[in-house]
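In case you want the letters, here they are:
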Amino acid sequence: MKVLGVILALAIIAAVAVFGITSATSSKQVAPPLAQQTENTDGRAEPKRGTKIGELAPEFELVKTDGSRVSLNDLQGKPAVVVFWSTYCSSCREEAPELNKLAATFEPQGVKVLGINVDSSDARLNEGIEDFKIKYETVRDIGTNVARSYRVTGTPTVIFLDKKGAVRYFGNELPADYAARLEAINAQS
């Protein structure tokens with residue numbers, strides 16, 4: 001019985017630690033510098049990858065509808081907005097016009113906008129692009145592997161990345177102050 005009590009107490013402490021850390025990280029935080037680091041295979045320190053504010057976004061490579069590829073490396077060097085969406089998502093439909101406006105305003109300023117569709121087929125992707133009138137580049141996440149690595153829990157999921165590929169916003173909606181946020185990210189060197 002004592003062993004079971006100790007195990008239960010440790011489980012509770014671990015849960016409090018995990019949930020305490022999780023709830024302390026808000027997508028509305030001011031982004032910290034890329035201070036969190038891990039060691040790569042040759043012993044050099046590199047920033048930690050993840051989707052918390054300040055972490056470098058996880059690597060990915062997806063196939064575009066024309067057969068070419070797009071990866072996280074293609075987005076680096078410029079700010080980026082990554083939007084995970086699906087055709088069955090009414091909020092995605094509602095946000096599509098605002099995301100089109102964002103793309104029309106900020107892509108000429110160097111901000112890359114990339115939609116990542118998590119539907120099950122190319123046909124649904126193409127229907128969604130037409131139905132939602134999406135004007136920015138969109139790719140399909142076959143098998144939702146990228147969505148899982150980005151810890152997407154629902155659509156839409158909107159992520160702002162800075163020029164180095166670090167997460168500066170992560171949320172399930174386009175923030176109301178997105179223009180100011182993107183201008184600030186774009187102004188950073």
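Located above this text is the structure these notes cover.
Residues numbered from 1 in each chain as written. Predicted model: local features only at pLDDT ≥ 70, side-chain atom pairs only at ≥ 80, totals over all residues. Heavy atoms only, no water.

### Quick look at the side chain of D141
Structurally, D141 can be placed in the loop between strand 7 (137-140) and helix 5 (145-149). Despite its burial, D141 pairs with no opposite charge; the closest candidate is R148, at 7.2 Å N-O. At 2.7 Å, the side chain of D141 and the backbone nitrogen of A147 are in polar contact. Setting aside anything within four residues of it in sequence, one finds D141 in contact with L62, F84, I116, N117, V118, V146 and A147. (Helix = DSSP H or I, 4+ residues; strand = E, 2+ residues; numbered from the N terminus. Buried < 20%, exposed > 50% of the residue type's maximum accessible area, 1.4 Å probe, protein only. Lys, Arg positive; Asp, Glu negative; His and termini not counted. Salt bridge = Lys/Arg side-chain N within 4 Å of Asp/Glu carboxyl O. Polar contact = N/O pair within 3.5 Å; in protein donor to acceptor, adjacent residues only side chain to side chain. Contact = heavy atoms within 4.5 Å.)

### Side note on the pattern of salt bridges
Across all of its chains, the model carries 11 salt bridges by this definition. Two residues, D177 and R181, come together in a salt bridge whose shortest N-O distance is 2.7 Å. On the accessibility criterion, D177 (38% relative accessible area) is partly exposed. With a relative accessible area of 17%, R181 lands in the buried category. What you see here is one network of salt bridges that share partners, running through K64, K112 and E137.

### A look at the packing of aromatic side chains
Applying the stated criterion across every chain, the model contains four aromatic pairs. Residues F84 and Y150 carry aromatic rings whose centres are separated by 5.6 Å and whose planes lie at 50 degrees to one another, so their mutual orientation is tilted. With F84 in strand 5 (residues 80-85) and Y150 in the loop between helix 5 and strand 8 (157-161), this pair connects stretches of sequence that are 66 residues apart. Like Y150, F84 is buried. Residues F160 and Y169 carry aromatic rings whose centres are separated by 5.3 Å and whose planes lie at 50 degrees to one another, so their mutual orientation is tilted. The burial state of F160 is the same as that of Y169; both residues are buried. Members of the aromatic cluster, connected to one another through ring pairs, are F60, F84 and Y150. (Phe/Tyr/Trp six-rings, centres within 6.5 Å; stacked < 30°, edge-to-face > 60°.)

### Points about the sheet that holds strand 7
Taken in spatial order, the five strands of this open sheet run 7-6-5-8-9, and their pairing is mixed. At either end of the open sheet lies a strand with only one pairing partner, and these are strand 7 and strand 9 (167-171). Each neighbouring strand pair of the sheet contributes to a mean axis angle of 20 degrees, computed without reference to strand direction. Bridge analysis of strand 6 (residues 112-117) against strand 7 gives four bridges, and the strand direction is parallel. Within the sheet, the bridge partner assigned to N117 lies in strand 7 and is R140. Each of strand 5, strand 6 and strand 8 is contacted by helix 3 (residues 90-106), which is oriented at about 160 degrees to strand 5, the strand it contacts most. (Pairing = 2+ DSSP bridges. Axes fitted to C-alpha atoms, helices over the stretch in contact; angles between N-to-C directions.)

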